[in-house]
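# Structural description and commentary
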Amino acid sequence: MNKKRTSIPQVPTRLRHEVPVLFQEPNIHTGFREPHHPWLCYIFSIFQVHNECMNVWTHVIAAILVLVKLINMSDEIDFINDRYSWDFLAGIFATLLLFLCSSGAHCLQSKSETVHYFCFMVDYAGIGMYGFCCAQLHFTYSADESLYRLFQTIFIPIGIGLGFLTCYLSIRAKIKYKRPYPYARKLHHILPVFAMYIWLILPVVHMLFHCIRYETKCNESLPSHIRQIVCFFVSGAFYAGDIPQKILPIGWCDFIGHSHQLFHFFISMSSFYKLEAVRIDFRSNGGVIRARPEPTFFSAFGPLLFLIACEILCILSHREQVHEKIARVYRVQEKEMKKDE
């Protein structure tokens, strides 16, 4: 008797012109997954070769490495009983959410037009959460005490606002513009992220300025902070410039070497250096940090949970606009088909 072999479900891949315009990417020629297959096909497609595979794995691996770092740091920091470490734990949680939202979006976005929109709206929410928690980490553990007292009442609320703005403007741009996307759409992503970054990196820049100008506050964490800044701007350059696929012959970066993959890699490296820098700051500034009022669950995790709730409401509030845009595209396609007939 012949035994049936069980195989991993796969999604057929197509050339760029063979998939709907929504799923097409500039300067990529092959490896596009067909839409409208079962969910399991897209989940297991991480084991296939296609043009989103590396975008998924770069952040899956990053999430695993963050978990490993959390386990290693737990030998030094009691994340359960030491309330002063709860802000750190919230930041690690947001970093994991960023990587999971990103890898999930790239993994599932080809399922359908509706799934595509909602996957990337969740991805944008992850970016907003991550940006806010970077601000929370730097302000709590890296800020000089004078800066901490000066911005104590406004730093976190402004961080929440900028995190939400990053999510909201990215969603609006995704719905407003259609492919081929104008550069204005990319500016809707870059500008709020840049504003968020200026705010979240302020405590580190203040530390760096005092170290260079006055040779004070030269913390042991500064090399890691400098590395995280460099990696962030390198990642931004790859994201904004669409290099190298824009300058190489079409098809060379379809599966590996695409700018978005490099963007993922360097933003992951920036995250690792940030966590290491904050770990050092927590150890070095422990006396100053523990002189402040003891954090509560609400003060440590409340702002992040509030931002997540706002972003969920933002995504849900755009459901009708997503459905209307998809329906409008189908109507246009039907008219064009009738004209061809």
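An account of the accompanying structure is given in this report.

Conventions adopted
Residues numbered from 1 in each chain as written. Predicted model: local features only at pLDDT ≥ 70, side-chain atom pairs only at ≥ 80, totals over all residues. Heavy atoms only, no water. Helix = DSSP H or I, 4+ residues; strand = E, 2+ residues; numbered from the N terminus. Buried < 20%, exposed > 50% of the residue type's maximum accessible area, 1.4 Å probe, protein only. Contact = heavy atoms within 4.5 Å. Salt bridge = Lys/Arg side-chain N within 4 Å of Asp/Glu carboxyl O. Axes fitted to C-alpha atoms, helices over the stretch in contact; angles between N-to-C directions. Parallel < 35°, antiparallel > 145°, perpendicular 65-115°, else oblique. Nonpolar A, V, L, I, M, F, W, Y, C, P; charged D, E, K, R; others polar. Polar contact = N/O pair within 3.5 Å; in protein donor to acceptor, adjacent residues only side chain to side chain. Patch = residues over 30% accessible without salt bridge, like charges linked within 9 Å, V, L, I, M, F, W, Y side chains within 5 Å. Areas by Shrake-Rupley, 256 points an atom, 1.4 Å probe, with all protein chains shown as cover. Disulfide = S-S within 2.5 Å. Phe/Tyr/Trp six-rings, centres within 6.5 Å; stacked < 30°, edge-to-face > 60°. Lys NZ or Arg CZ within 6 Å of the ring centre and 35° of its normal. Core = buried A, V, L, I, M, F, W, Y, C linked by side-chain atoms within 4.5 Å. Left-handed = near helix turned anticlockwise from the far one by under 90°.

Along the chain, Val 193 turns up in helix α7 (residues 183-200). A relative accessible area of 27% means that Val 193 is categorised as partly exposed. Setting aside residues no more than four positions away along its own chain, Val 193 makes contact with Ile 127, Thr 166 and Phe 232.

Under the definition given, this model contains 10 salt bridges. Across the pair Glu 34 and Arg 14 runs a salt bridge whose closest N-O atoms are separated by 2.7 Å. Linking Glu 34 in the loop between β2 (32-33) and α1 (39-43) with Arg 14 in strand β1 (residues 13-14), this pair joins segments that are 20 residues apart in sequence. Residue Arg 14 is classed as partly exposed on the basis of its relative accessible area of 33%. In this structure, Asp 242 and Lys 186 form a salt bridge, with 2.9 Å as the shortest nitrogen-oxygen distance. Of the two residues, Asp 242 sits in the loop between α9 (222-241) and α10 (259-284) while Lys 186 sits in helix α7, which places them 56 residues apart along the sequence. Lys 186 gets classed as buried once you look at its relative accessible area, which sits at 13%. The network of salt bridges with shared partners includes Lys 69, Glu 76, Glu 276 and Arg 279.

On to the packing of helix α3 (residues 86-108) against α10. Closest axis-to-axis distance for the α3/α10 pair is 11 Å, and the angle between their directions is 170 degrees. By the angle between their directions, the pair α3 and α10 is classed as roughly antiparallel. Contact with α3, carried on its side by Phe 88, Ile 92, Thr 95, Phe 99, Ser 102 and His 106, involves His 260, His 264, Ser 268, Ser 271, Lys 274, Leu 275, Val 278, Arg 279 and Phe 282 of α10 and no other residues of that element. In terms of residue class, the contact of α3 with α10 is built from six nonpolar, seven polar and two charged.

Turning next to the side chain of Gln 261. Within the secondary structure, Gln 261 is located in helix α10. By relative accessible area, which is 6% here, Gln 261 ends up buried. In this structure the side chain of Gln 261 is engaged in a polar contact, spanning 3.2 Å, whose partner is the backbone oxygen of Phe 255. Not counting residues up to four positions away in its chain, the partners in contact with Gln 261 are Asn 51, Met 54, Asn 55, Thr 58, Phe 255 and Ile 256.

Now for a nonpolar patch on the surface. A cluster of nonpolar side chains, Val 49, Met 54, Phe 255 and Ile 256, forms an exposed patch at the surface whose accessible area comes to about 370 Å². Of note, Val 49 is situated in the loop between α1 and α2 (53-73). On the basis of relative accessibility, which here comes to 63%, the residue Val 49 falls in the exposed class.

This next bit is on the state of the cysteines. A disulfide bridge is the covalent bond that connects two cysteines by way of their sulfur atoms. Scanning the entire structure with this criterion turns up one disulfide. Paired through a disulfide, Cys 211 and Cys 218 show a sulfur-sulfur distance of 2.1 Å. Here Cys 211 and Cys 218 share a disulfide; its torsion about the S-S bond, 110 degrees, makes the bridge right-handed. Exposure remark for Cys 218: the relative accessible area of 42% places this residue in the partly exposed category. There is no disulfide at Cys 107, and the cysteine sulfur nearest it, in Cys 119, is 8.4 Å away.

Before going further, it helps to spend a moment on the packing of aromatic side chains. Overall, the coordinates contain 17 aromatic pairs when judged by the stated rule. Geometrically, the ring pair formed by Phe 151 and Phe 155 is edge-to-face, given 6.4 Å between the ring centres and 75 degrees between the ring planes. Since its relative accessible area comes to 17%, Phe 151 is described here as buried. A residue is classified by how much of its surface remains accessible, and Phe 155, at 0% relative accessible area, is buried. Positioned above the aromatic ring of Trp 39, the side-chain terminus of Lys 111 is 5.3 Å from the ring centre. Lys 174 extends its terminal NZ or CZ atom over the ring of Tyr 117, reaching a point 5.8 Å from the ring centre.

This brings us to the nonpolar core. In this structure, Val 66, Phe 79, Phe 88, Ile 92, Tyr 141, Leu 200 and Phe 282 are the most contacted members of the largest nonpolar core, which totals 39 residues. Those elements that place two or more of their residues in this core are α2, α3, α4 (113-142), α5 (145-151), α6 (155-176), α7, α9 and α10. The biggest single contributor to this core is α4, with six residues. When residues no more than four places from it in sequence are discounted, the contact partners of Phe 282 are Ile 77, Asp 82, Tyr 84, Ser 85, Phe 88, Tyr 141, Ile 289 and Arg 290.

Its place among the elements puts Ser 284 in helix α10. For Ser 284, a relative accessible area of 41% corresponds to the partly exposed category. Expressed as a C-alpha distance, the spacing of Ser 284 and Ser 142, which sit 142 residues apart in the sequence, is 9.5 Å.

Now for the packing of helix α8 (residues 202-214) against α9. Contact pair α8 / α9: the axes reach a minimum separation of 11 Å and the direction vectors enclose 125 degrees. One element, α8, and the other, α9, form an angle in the oblique class. Of the two elements, α8 crosses α9, and the hand of that crossing is left-handed. Across the interface between the two elements, Val 204, Met 207, Leu 208 and Cys 211 from α8 touch Leu 222, His 225, Ile 226, Gln 228 and Ile 229 from α9. Looking at the contact of α8 with α9 residue by residue, the class counts come to seven nonpolar, two polar and no charged.

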